[in-house]
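Remarks on the overall topology
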Amino acid sequence: MANHGTSKTPPSLFFTYDVFLSFRGDTRYGFTDCLYHALTSKRINTFRDRDNLKTGDEIGHAVLEAIEKSRISIVVLCQNYASSTWCLDELAKIMECTDRGRRQRVLPIFYKVEPSDVRHQRNQYEAAMIKHENGRNSHKMEAWRLALTSVGNLSGQHCTADMYESNIIDKIVEEVLRNLPPQPLLFQNHVEFDSQLEDVKSLLDVESSDTLCMLGIIYGDGETMSKTRFVVELYNKIMHQFEAASFLANVGEKSKESVSGLGDLQKTLLIEMGEEATIMIGSTFKGSSEIKQNLGHKRVLLVLDDVDNVQQLHALVGGGDWFGPGSRIIITTRDEKLVNKHGLDGVEIKKYRIGTDEFESMELAKRNHRQRGTEEGDVIIGFQNNVSTIINQLKENDLPTNVVSIIGMGGLGKTTIARKIYNGYEVKKLFSCRAWSSVSKSYVAREVLLSLLRCLKKVKKPVFEFKNSSEEEIRDELREYLKKQKYLVVLDDLWDPLVWDDIKRALPSGKTGSRILITSRNNEVANYTSPVPSHYLPFLNNEESWELFCKKVFWGGECPSDLESIGKSMVENCGGLPIAIITLAGLVSKKKRSQREWLRIKGHVNWHLAQDNSIVKDALKLSFDDLPTRLKPCFLYFGLFPEDYTISARKLVQLWMAEGFVQQEECGIPYAPEPEDVGDEYLDELVDRCLVQVTKRRSDGGVKYCQIHDLLHDFCISTSKVDKFLEICTKSNIHSLRNPRRLSLLGKAQSTYNISSMQCDESCTSLFIFAKNEHLDDNLENFQSIHVLHLAKGVFTKSTPSDLKVMINLKYLRIERSTSCYYEATDIPDCIWSLCNLETLDLRDLNTHTTSSQIWNLKRLRHVYMLLTVELPSNGAETSSLNLQTLCEVVLDQQLTLALENGWLPNLKKLGLRLNQEYTPHEYFLSLLCLSNLSTLHVECIDSNYLHAAAFPSNLTKILLIVAPQSFHSFKCFS
C-alpha cells in the first residue's frame, strides 16, 4: 500500500508508508511485535526501526523521512518511553508533522501507563525529564515536553494489565484500516490501456496540487464494459497519490433504488474517504454539508461511475469548495452535456471520449476570485493590469508586429500570467486555434514544433505519424495549417534570441490577426523578436505579497492577529518575488501556527528558502548559468555590497575595471570602445537578463543607480563560496578567514575589527569596509597587494593609514566621510599621489580642498572626484594626462586654463568647475573650447550673469549650472 510520488510532486501529497511505529525497545519482542505482524498481515505497509534503538544518539535521517512519509503514526507509550532521547525526538517530529497540512494521524497507545502521566509528565515520565534537563539535551526540553503534552491529549487506546492485548491490537488494526484509502479494485479479464491511460493521466495533471479538476469520460452504448475496465485501471494507478479515494459504481442505478439512494451514496463516499457519516434517511442536504465540512481540506480522488442525472452531481460534487486543492473528480456518463450542466466555479472541466486517442480540454470555469491555490488566484494578486494590457494588445489590429513578449526575473510569474491569458475566455473567442510550447533552456527545435502540433487537433494526420519526419517536414506541416488560421502561439521560457530564427519559419505572418506570445528572462529576446516594447513584470508590493502569502497558508482566510506582524515581516524578506513567497508559504504551512515557530523562520527567511526548498535557488541558478563567462564575475561582485545597497553604475563599472573584469577585445579595429563603454554594455546586459534592477536612470536613458534582489544577493554570496570568489566578514568569522580574494567587512555593534591579524597573500585584490560605527585597528599592512580599497561612511579608525603608500597595485580608492575618518578635513596625505597605478580616486565625501601639482604624475588616472586646485609642475616641464576622463570638482583659475590651452587634458569628457570669485575672466572660459571630447559640464558659481553661452564647447550634451552664494562649502561632486 505504499505510495510512490514523482519529483514533480510536492512531498506533502504522497506517502511511502501507511504506518510508522514509535516504541521503546523493551516492548519490541512482545506487544509491539504482535502489533507489527497484525498490521502487515492486513497488507498495511508499516515502518519500524529494525536496529536496536539507541538512548543517546541523534535520530537518523531515514527515520525522520519515514515519519514524514507515513499516513499514520502509532506511538506505543510505555512506562519508560520518555527515558529514550531517540523516542522523544521521534515523538517531537511526529507531532510536528500533524500540523503541516498533510492530514497525518497520530494514534497513541498508553501501554500500562496513565495518559495523565504522559500529558503532565508525572511519575516515571517526570523522573526521565528531570534527568534529561540536567543532561546534554537540555536545549530540546521545550519541544519534548510540548510533544508529550500534545500526544497525551489525544484520544487513543489504553492498554492496562487486566486487558487482553490481542483485543487491543484488533481494535488498533481496525482503526488504521478505517483511516487508510481503500484497496485497489479487482477486475477480471485485465486489459492494458497504456496509451489511453497516459493520455488521461496527462489530461488530469495528477502531479499538480493547485487546481481542482473534473474529468468527464464519455462512452457509447457498446462501450460499457470497456469503460468500466478503463476507469478501474485508471483509479488503481493514481489512487495512492491522494489523501483519500472513493469509487462509486453504478451511481445512476443506485440513486434510484430507494428514497435514500443519494443519501446512501453520500454516506458511502464519506466512509470510503475515512470520515464518519451521520446522514439521516432522505437528508441529502445534511449529506452535502458533511461532505463539504469533512473533505473541504482533503486532496481526494472521486470516481462517479455511470452518472445519468445532474441531480446526482449536485448531491455528490456540489461545489468547487467541497474538496481540497489538487482533488480530481472523474465522471463516466453517456450524456456529453451532463458535465456542462453542472457548472462549478473554480473548477477545471475537461472531457475524454472512450475509444479515441483524441481528447477535448474544456477549461470553462476559473471564474471564482476566491478559488484556493489555483493559478488563477495567483494571477489575480498583483498582475491584473498586466493581464488586461497584454490581452488588449493581442486584440489590436494595427500592431506593427505579431509578437508580444512578457519579460521578468525567474520566479516572477511569467508562465502563470501567460497561462491565464492562454486559457482565458476572451482569448479563446478571439483565436480559432491556440498552441503552447515550453521552449526552455535545453531547446530542441524538433520537440518544440511537435509540441505545437500536439495542441492542434485538426491537422491532417496525428502527431505520432511524424515520428520519422524531418524537422523541415514538421515545420512545413505546421506552417501550412496555421497560415489559414487566426492563431495564438505561446512560446514559454525562450532563452536565446537566435532560437527565434528556428521557430519563426513555422509561424506564418499575415493579416489574419494571429499573435505570438513569448515569455523570457532576457529582454534581448524581446528586442530581437519584436519592435514593440515588452511587458516587464513588476515585483509585488507589500500588500499584494501578504495577500498571496495568506492565500497559500490560510487558503484565502485571515491570519491570526498574534501572528500577523511576524508574518508580514517574513514576507517582506521575499522582496515581492512570487516564487519566494509561495515557497515561504509552503514552509510555514508545515509548521505549527505559533509565534515560536514563526519567529524561528523570521530570523532566517532566505536561509530557509535555500535550505528547505531548492525551487527558488534553482530558478535563480538557471539565470546565472546562462550568463556568458565574462558576465559571471561582474554579477557575483554584487555580493560584496550589503543587502538593499543602491550602487552607482559609474562606480560599479570603475570597480569592474579595477578588478580586470572589463576586457577590450582585440578586433584589429583602430578605435576600440573605451573600457567604461564596455562596462556599461555589461551592466545593460545584466539588466536585460532581469538580474539587476535599475533604481534610477540618467537623462540619456542609461543606468544611473542599480541594485539586486535580496535573494540574488544571497545567491551571489553562496555561489562565491565554491571558488572563494569573495568573502563576507563579520566578527563571528573574522579569525577563520584565510587568504580571501575579495573581502567585505559588515557589522553593526560597536567593537574592534582586528583585521591586521588576518592572513592575506598576494591573491587578495579587494577590501570593502561597510562596518558602520566599527573601530578598525591601525594598519592595513596585510593588504598591500589589493587593487580596490573602499571605505564606507561611518568607519572609525585609530590613526592615519601610512600603509597606503605601500599599496602600489591600488587602482580604485574611495573614502567616504565619517565622524572620525582616516583623514582630517584639511589633510589629504601625500602618499596618495605616489599610487602610480591608480585609475579612480574618489574622496568627494571628505569635503577637503587640496592644492597639488602631483596629479600629473598619475599617468593611469581616469576619474577624479574631489575638490582640487590644479597646479602646474614647478619645474615647468610639459606633461599631459591622456587617460583622465573625469575631473571634478576643480577650481577654474589661471593654472587650469594654461593646462587646458596646452592640451594636457585632451580626453576629458566630464568636468566639474568651481568658480571662487563673483567674476571670472572670460578667457578662462574660452579655454574650455580646447576640450574637443567634453560632453558633460557642471559649473558652480556665485553669480551667473557674466556667463556666456559662446564660451562653452559646441560638443556638450549636458550642462548643469548651480548658483549658490556659499557654494564653496556646499557643492557636491556629480556621480
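Model, not experiment: these values are computed from the prediction.

1. With respect to the overall build of the protein
- Each helix and strand in the protein was counted, giving 35 helices and 34 strands.
- Split into buried and exposed, the 975 residues of the protein put 54% on the buried side.
- Contacts spanning at least 24 positions in sequence make up 67% of the contacts within the protein whose residues lie at least 6 apart.

2. Thoughts on the pairing of strand 27 (residues 812-815)
- Neither face of strand 27 is left uncovered, since the one carrying Tyr 812 and Arg 814 and the one carrying Leu 813 and Ile 815 both have all their residues buried.
- Sheet topology note: the strand 25 (residues 788-791)/strand 27 ladder contains four bridges and is parallel. Following the sheet pairing, Leu 789 is matched in strand 27 by Leu 813.
- Two strands pair when backbone bridges link them, and strand 27 and strand 28 (residues 840-842) are joined in this way by three bridges, in the parallel orientation. Residue pairing across strands places Arg 814 opposite Asp 842, the latter belonging to strand 28.

3. Details of the sheet that holds strand 12 (residues 403-407)
- With parallel pairing, five strands are arranged side by side in an open sheet as 13-14-15-12-16. Looking at the sheet topology across the chains shown, the edges are occupied by strand 13 (433-438) and strand 16 (535-536).
- Pairing geometry for strand 12 and strand 15 (residues 515-520), over five bridges, is parallel. Note on strand 15: the bridge partner recorded for Val 404 is Leu 517.

4. Things to note about the packing of aromatic side chains
- Applying the stated criterion across every chain, the model contains 20 aromatic pairs.
- Centre to centre, the rings of Trp 546 and Phe 549 are 5.5 Å apart; their planes meet at 20°, and the pair counts as stacked. One end of the pair is Trp 546 and the other is Phe 549, both in helix 23 (residues 542-553) and three residues apart, which spans about a single turn. Comparing Trp 546 with Phe 549, the two get one shared label, buried.
- Considering the side-chain rings of Tyr 645 and Phe 770, the 5.3 Å spacing of their centres and the 70° angle between planes classify their relative orientation as edge-to-face. Here the residue Tyr 645 occupies a position in the loop between helix 29 (632-636) and strand 17 (647-648), and Phe 770 occupies one in the loop between strand 23 (766-769) and strand 24 (775-776), the gap between them amounting to 125 residues.
- Owing to a relative accessible area of 7%, Phe 770 belongs among the buried residues under this scheme.
- One aromatic cluster in this structure is built from Tyr 637, Phe 641, Tyr 645, Phe 661, Phe 725, Phe 768 and Phe 770.
- Over the face of the ring belonging to Trp 436 we find Arg 419, whose NZ or CZ atom lies 4.2 Å from the ring centre.

5. Some words on the nonpolar core
- Ranked by internal contacts, the top residues of the largest apolar core, which has 97 residues, are Phe 549, Leu 584, Phe 635, Tyr 637, Phe 638, Trp 656 and Leu 686.
- Core analysis: the second largest hydrophobic core is formed by 58 residues, Trp 856, Val 939, Phe 952 and Leu 956 among them.

6. So, the packing of helix 28 (residues 615-625) against helix 32 (residues 710-720)
- The contact between helix 28 and helix 32 brings their axes to 11 Å, and the two run at 75°. Between helix 28 and helix 32, the angle falls in the class roughly perpendicular. Facing helix 28, whose interface residues are Val 616, Lys 617, Leu 620, Lys 621 and Phe 624, helix 32 presents Leu 711, Leu 712, Phe 715 and Thr 719.
- Of the residues contributing to the contact of helix 28 with helix 32, the split by class is six nonpolar, one polar and two charged.

7. Let's talk about helix 6 (residues 141-152)
- Look at helix 6: 16 Å from first C-alpha to last across 12 residues, which is about the 16 Å you get at 1.5 Å a residue.
- Every buried residue belonging to helix 6 is among Met 141, Trp 144, Ala 147, Leu 148, Val 151 and Gly 152, and all of these are buried. The arc that holds the buried residues of helix 6, viewed along the axis, is 130°, so those residues lie on one side.
- Contact partners of the buried residues in helix 6: strand 3 (70-77), helix 3 (85-97), strand 4 (105-111), helix 4 (115-120) and helix 5 (124-133).

8. A look at the sheet that holds strand 5 (residues 157-159)
- Taken in spatial order, the five strands line up as 2-1-3-4-5 in an open sheet, and their pairing is parallel. Of all the strands in the sheet, just strand 2 (46-47) and strand 5 have a single pairing partner and so form its edges.
- Two strands pair when backbone bridges link them, and strand 1 (residues 17-23) and strand 3 are joined in this way by six bridges, in the parallel orientation. Following the sheet pairing, Phe 20 is matched in strand 3 by Ser 73.
- The sheet strands contacting helix 2 (residues 61-68) are strand 1, strand 2 and strand 3, and the helix crosses strand 1 at an angle near 125°.

9. Brief notes about empty space enclosed by the protein
- Overall, the coordinates contain six cavities of 30 Å³ or more when judged by the stated rule.
- By volume, the largest cavity is sized at about 60 Å³.
- What lines the largest cavity is simply Phe 638, Phe 641, Pro 642, Glu 643, Asp 644, Tyr 645, Ile 647, Gln 707, Ile 708, Asp 710 and His 713.
- Across the lining of the largest cavity, the residue classes tally to six nonpolar, two polar and three charged.
- Taken as a whole, the second largest cavity encloses approximately 50 Å³ of empty space.
- Surrounding the second largest cavity, Trp 495, Arg 521, Asn 522, Ser 623, Asp 626, Leu 627, Arg 689 and Leu 691 form its lining.
- Partitioning the lining of the second largest cavity into residue classes produces three nonpolar, two polar and three charged.

10. Here's the deal with the environment of Lys 592
- Mapped onto the elements of the fold, Lys 592 is located in the loop between helix 25 (578-589) and helix 26 (595-602).
- With 494 residues separating them in the primary sequence, Lys 592 and Thr 98 have C-alpha atoms 8.9 Å apart.

11. Re the side chain of Arg 71
- For Arg 71, the position within the fold is in strand 3.
- Of the side chains with opposite charge, Asp 18 lies nearest to the buried Arg 71, which makes no salt bridge, at 4.1 Å.
- Looking at Arg 71, its side chain comes within polar contact range of the main-chain oxygen of Phe 242, at 3.2 Å.

12. Comments concerning helix 12 (residues 284-295)
- Between the first and last C-alpha of helix 12 there are 16 Å, a value that for 12 residues agrees with the 16 Å anticipated at 1.5 Å per step.
- Taken as a whole, helix 12 has its buried residues at Gly 287, Ser 288, Glu 290, Ile 291 and Leu 295. Each buried residue of helix 12 lies within a common arc of 165° when the element is viewed along its axis, so the set occupies one face. Turned more than 90 degrees off the buried face of helix 12, the exposed positions are Phe 285 and Gln 293.
- Buried-residue contacts for helix 12 involve helix 11 (261-272) and helix 13 (310-316).

13. Some details on unusual backbone geometry
- Note that the residue after Cys 888, namely Glu 889, is joined by a cis bond; omega there is -5°.
- Following the sequence through the fold, Glu 889 ends up in strand 31 (residues 886-891).
- The phi angle at Gln 121 is positive, at roughly 50°, despite the residue not being glycine.
- Along the chain, the position of Gln 121 falls in the loop between helix 4 and helix 5.
- Look at Lys 724: it is not a glycine, yet its phi comes out positive at around 55°.
- Its location among the elements puts Lys 724 in the loop between helix 32 and strand 20 (727-729).

14. Concerning the confidence of the model for the protein
- For the protein, per-residue confidence averages 78 on the pLDDT scale, and residues scoring 70 or more make up 79% of the total.
- Counting contacts from residues 356-379, a segment whose pLDDT is below 50, to residues more than four positions away or on other chains yields 73 contacts.

15. Digging into the pattern of salt bridges
- Following the criterion strictly, the structure yields 29 salt bridges and no others.
- Between Lys 93 and Glu 68 there is a salt bridge; the shortest N-O distance is 2.8 Å. With Lys 93 in helix 3 and Glu 68 in helix 2, this residue pair connects regions lying 25 residues apart in the sequence.
- Between Asp 842 and Arg 844 there is a salt bridge, and its shortest N-O distance comes to 2.9 Å. Taken individually, Asp 842 and Arg 844 each receive the classification buried, so the pair is uniform in this respect.

16. Looking at the environment of Glu 781
- Assignment of secondary structure puts Glu 781 in the loop between strand 24 and strand 25.
- Residues Glu 781 and Met 807, spaced 26 residues apart in sequence, show a C-alpha to C-alpha distance of 8.7 Å.

17. Concerning the pairing of strand 23
- Burial of the side chains of strand 23 extends over both faces: Ser 766 and Phe 768 are buried on one face and Leu 767 and Ile 769 on the other.
- Looking at chain direction, strand 21 (residues 742-745) and strand 23 are connected through four bridges and run parallel. Residue pairing for strand 23: Arg 742 is matched across the bridge by Ser 766.

Definitions and cut-offs
Residues numbered from 1 in each chain as written. Predicted model: local features only at pLDDT ≥ 70, side-chain atom pairs only at ≥ 80, totals over all residues. Heavy atoms only, no water. Helix = DSSP H or I, 4+ residues; strand = E, 2+ residues; numbered from the N terminus. Buried < 20%, exposed > 50% of the residue type's maximum accessible area, 1.4 Å probe, protein only. Contact = heavy atoms within 4.5 Å. Pairing = 2+ DSSP bridges. Phe/Tyr/Trp six-rings, centres within 6.5 Å; stacked < 30°, edge-to-face > 60°. Lys NZ or Arg CZ within 6 Å of the ring centre and 35° of its normal. Core = buried A, V, L, I, M, F, W, Y, C linked by side-chain atoms within 4.5 Å. Axes fitted to C-alpha atoms, helices over the stretch in contact; angles between N-to-C directions. Parallel < 35°, antiparallel > 145°, perpendicular 65-115°, else oblique. Nonpolar A, V, L, I, M, F, W, Y, C, P; charged D, E, K, R; others polar. Expected span 1.5 Å × (residues − 1). Arc of directions from axis to C-beta. 1 Å grid on protein atoms, 1.4 Å probe; cavity = no way out; pocket = protein on both sides within 12 Å on 5 of 7 lines; lining within 4 Å. Points joined across faces, edges and corners; volume = space filled by probe spheres on them. Lys, Arg positive; Asp, Glu negative; His and termini not counted. Salt bridge = Lys/Arg side-chain N within 4 Å of Asp/Glu carboxyl O. Polar contact = N/O pair within 3.5 Å; in protein donor to acceptor, adjacent residues only side chain to side chain. pLDDT = per-residue confidence, 0-100.

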